[in-house]
Amino acid sequence: VLGEGHWKQWYQRRVRGDAMCVIRNLVKDNRIVYGGGSNEISCAIAVSDAADKVPSIEQYAMRSFADALESVPMALAENSGLSPFATLAEVKSRQIKENNPRLGIDCMDTGKSDMKEQHVIETLIGKKQQIMLATQLVRMILKIDDVRSPGEGE
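Please read these numbers as outputs of a predicted model, since none were measured by experiment.

A. Summary view of the overall build of the protein chain. Looking only at helices and strands, the protein chain has seven helices and two strands in total. Listing the helices and strands of the protein chain from first to last along the sequence gives α-β-α-α-α-α-α-β-α. Since a compact globule built from 154 residues should have a radius of gyration of about 15 Å, the 19 Å found for the protein chain marks it as more spread out than a globular shape. C-alpha atoms of the protein chain, sized along the principal axes, occupy 55 × 50 × 35 Å. In the protein chain, which comprises 154 residues, the proportion classed as buried is 27%. For the protein chain, contacts bridging at least 24 residues in sequence account for 59% of all contacts bridging at least 6. As displayed, the protein chain offers around 11100 Å² of accessible surface, 60% of which is attributable to carbon and sulfur atoms. Of the side chains in the protein chain, 20 bear a positive and 21 a negative charge, and the two mean positions are spaced by 8 Å.

Below, the structure is given as structure tokens:
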């Protein structure tokens, strides 16, 4: 049976490990992006704009990808006790209106949504890895669905 001290030690080791991974990523590539869901919102806006220019059925996949990107800032808002839909809509409209991709979810309720002012950053390499892994997972699921025809295995 683990006592309270064991959990504290485990958590401290985990935090140190996470910090070392961030340092490793910064040594590999020192570029950063602003956090707080700002980059996901900005990417979702760009993908939606690109989908408007695609006349084929592929535009629906692009719109779904944009919706999936918005799940990160929605989760941040919900976990911060904010209304996820209203908060996302407000930040997204401000990003478009002000042309400021640094606007994100104000989780600490400081009154500032600019992640540069709040010093909320993420490593670019970590963000790219997150998006690539999620995209690969979806592609794998779609390949499985494509191989399996309807009515098979019932």
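From this point, the narrative continues.
B. Broad picture of the packing of helix H2 (residues 38–52) against helix H3 (residues 58–69). Contact pair H2 / H3: the axes reach a minimum separation of 8 Å and the direction vectors enclose 170°. When the axis of H2 is compared with that of H3, the two are roughly antiparallel. Contacts between H2 and H3 involve Glu40, Cys43, Ala44, Val47, Ser48, Ala50, Ala51 and Asp52 on the former and, on the latter, Gln59, Met62, Arg63, Phe65, Ala66 and Leu69. Split into classes, the residues belonging to the contact of H2 with H3 amount to nine nonpolar, two polar and three charged.

C. The arrangement of the packing of aromatic side chains in detail. According to the stated counting rule, one finds one aromatic pair in the structure shown. Plain terms: the ring middles of Trp7 and Trp10 are 6.0 Å apart, the flat faces sit at 80° to each other, and that makes the pair edge-to-face. Residue Trp7 and its partner Trp10 are both found in helix H1 (residues 4–28); the two are separated by three residues, about one turn of the helix. Classification of Trp7 as partly exposed rests on a relative accessible area of 49%.

Conventions we followed
Residues numbered from 1 in each chain as written. Predicted model: local features only at pLDDT ≥ 70, side-chain atom pairs only at ≥ 80, totals over all residues. Heavy atoms only, no water. Helix = DSSP H or I, 4+ residues; strand = E, 2+ residues; numbered from the N terminus. Rg over C-alpha atoms; globule rule 2.2 N^0.38 Å. Buried < 20%, exposed > 50% of the residue type's maximum accessible area, 1.4 Å probe, protein only. Contact = heavy atoms within 4.5 Å. Areas by Shrake-Rupley, 256 points an atom, 1.4 Å probe, with all protein chains shown as cover. Lys, Arg positive; Asp, Glu negative; His and termini not counted. Charge placed at Lys NZ, Arg CZ, Asp CG, Glu CD. Axes fitted to C-alpha atoms, helices over the stretch in contact; angles between N-to-C directions. Parallel < 35°, antiparallel > 145°, perpendicular 65-115°, else oblique. Nonpolar A, V, L, I, M, F, W, Y, C, P; charged D, E, K, R; others polar. Phe/Tyr/Trp six-rings, centres within 6.5 Å; stacked < 30°, edge-to-face > 60°.

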